[in-house]
Amino acid sequence: SVSAFLLNRSSDLAIDANVGLFGYTDGAVISNLTLQNISLRGKSNVGVVVGNANYSMIHDVLVYEAKATDGTTYDCAEATAGNAGGLVGSADNTTIIDSYFYGRVKGFMAAGGIVGESVTTNVSDCAAGYSVESGDIAGGIVGKAGTATKVARCYSRSTLSATTVAGIIGQHQG
């Protein structure tokens, strides 16, 4: 369990991409993890758990809103120039199952309650709630999905705000 963590990396440097508890994963397995009061801000590919996940598995992960002691609620994941997701900013060949996000996500391009942008990703038995906001595309579960992305048995109760919005997948390529 991780609680009360703040990271602000939103300059124009390349290092400010792939921001998360784990910035980049390749072949990782992340499971049985609870994160609360986490607020991350970066340039692109911002996710509370992983900024950029490749060939990875995320299982049984819970993320709860970022709230200060005075009751102020903050964005859990915010990308100032790219994609943001409640759990993962950008995912390719990744599986996300039995996971939950409740908080605020804000992306510049694509934003999703679970994943901001995915290429080839399977998301199942997941839920998201509260708010997803983007300057372009917002989805309750996945913001922007590639042709091989699959979503099953997921639901979202998020308020969505963007040019293109949809309850589960904001925009599906293909």
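Shown above is the structure to which this text applies.
These numbers come from a predicted model, not from an experiment.

(A) The environment of Gly113, seen in detail. For Gly113, the position within the fold is in the loop between strand S14 (110–112) and strand S15 (115–118). Between the C-alpha atoms of Gly113 and Ser158, which are 45 residues apart in sequence, the distance is 7.5 Å. The contacts of Gly113, once residues within four sequence positions are left out, are Gly86, Leu87, Phe101, Ala128, Val132, Gly139, Gly140 and Ile141.

(B) Quick look at the sheet that holds strand S2 (residues 17–19). In spatial order, the strands read S2-S5-S10-S14-S18-S22; together these six strands make up an open sheet with parallel pairing. Each edge of the sheet is formed by a strand with only one pairing partner; in this case those strands are S2 and strand S22 (164–166). As defined by bridge partners, strand S18 (residues 137–139) adjoins S22 across three bridges and the pair is classed as parallel. Looking across to S22, one finds that Ala138 is bridged to Val165.

(C) Focus on unusual backbone geometry. Positive phi, normally seen in glycine, also occurs at Asn32, with a value near 50°. Within the element layout of this structure, Asn32 appears in strand S4 (residues 29–42).

(D) Structural view of the environment of Ala138. Its place among the elements puts Ala138 in strand S18. Along the primary structure Ala138 and Val105 are separated by 33 residues, whereas in three dimensions their C-alpha atoms are 9.5 Å apart. Among residues more than four places away in sequence, those in contact with Ala138 are Ala111, Val132, Gly143, Leu160, Ser161, Ala162, Thr164, Val165, Ala166 and Gly170.

(E) Broad picture of the pattern of salt bridges. According to the stated counting rule, one finds three salt bridges in the structure shown. With its nearest N and O atoms 3.0 Å apart, the salt bridge here joins Asp75 to Arg104. Here Arg104 lies in strand S13 (residues 100–107) and Asp75 lies in strand S9 (residues 73–79), a separation of 29 residues in the sequence. A salt bridge links Asp125 to Arg153; its shortest N-O distance comes to 2.8 Å. In this pair, Asp125 is assigned in the loop between strand S16 (121–124) and strand S17 (127–134) and Arg153 in the loop between strand S20 (150–152) and strand S21 (155–161), connecting sequence segments 28 residues apart. Given a relative accessible area of 62%, Arg153 falls into the exposed group.

(F) How the structure looks around the packing of aromatic side chains. A complete count under the given rule lists two aromatic pairs for this structure. For the pair Tyr64 and Tyr100, a centre-to-centre distance of 6.1 Å together with 55° between the ring planes defines the contact as tilted. Within this pair, whereas Tyr64 is found in strand S7 (residues 57–64), its partner Tyr100 is found in strand S13, the two being separated by 36 residues in sequence. Relative accessible area serves as the criterion here: at 26%, Tyr100 is assigned to the partly exposed category. Centroid distance Tyr102 to Tyr130: 5.4 Å. Interplanar angle 15°. Geometry classified as stacked. You can see Tyr102 sitting in strand S13 and its partner Tyr130 sitting in strand S17, a full 28 residues away along the chain. Here Tyr102 falls in the partly exposed class, since its relative accessible area comes to 31%. Looking at Tyr130, the relative accessible area reads 28%, which means it is partly exposed.

(G) Structural detail: the pairing of S4. Pairing geometry for strand S1 (residues 2–9) and S4, over seven bridges, is parallel. Among the inter-strand pairings, Asn8 is bridged to a residue of S4, identified as Arg41. Pairing analysis gives seven bridges linking S4 to S7, with the strands arranged parallel. Within S7, the residue paired with Leu35 across the bridge is Val63. Inspection of the sheet shows S4 paired to S9 by three bridges, in the parallel sense. Across the sheet, Gly42 pairs through a bridge with Ala79, a residue of S9.

Calculation criteria
Residue positions are given per chain, counting from 1 as you read along its sequence in written order. Owing to the predicted nature of the model, reporting of local features is limited to residues with pLDDT of at least 70; listing and counting of side-chain atom pairs is limited to 80 or more, with chain, interface and lining totals taken over all residues. Heavy atoms throughout the structure, all of them, feed into the side-chain values; hydrogens and water do not. Here a strand is any run of E in DSSP of at least two residues, a helix any run of H or I of at least four, and the numbering for each starts at the N terminus. In this analysis, two residues are considered to be in contact whenever any of their non-hydrogen atoms come within 4.5 Å of each other. Strand pairing is defined by DSSP finding a minimum of two bridges between the two strands. One speaks of a salt bridge when a side-chain nitrogen belonging to Lys or Arg is within 4 Å of a carboxyl oxygen belonging to Asp or Glu. For the exposure calls, accessible area comes from a 1.4 Å probe over protein chains only, and a residue counts as buried if that area is under 20% of its type's maximum, exposed if over 50%, partly exposed in between. For Phe, Tyr and Trp, where Trp contributes only its six-membered ring, two rings pair if their centres lie within 6.5 Å, and the inter-plane angle classes them as stacked under 30 degrees, edge-to-face over 60, or tilted in between.

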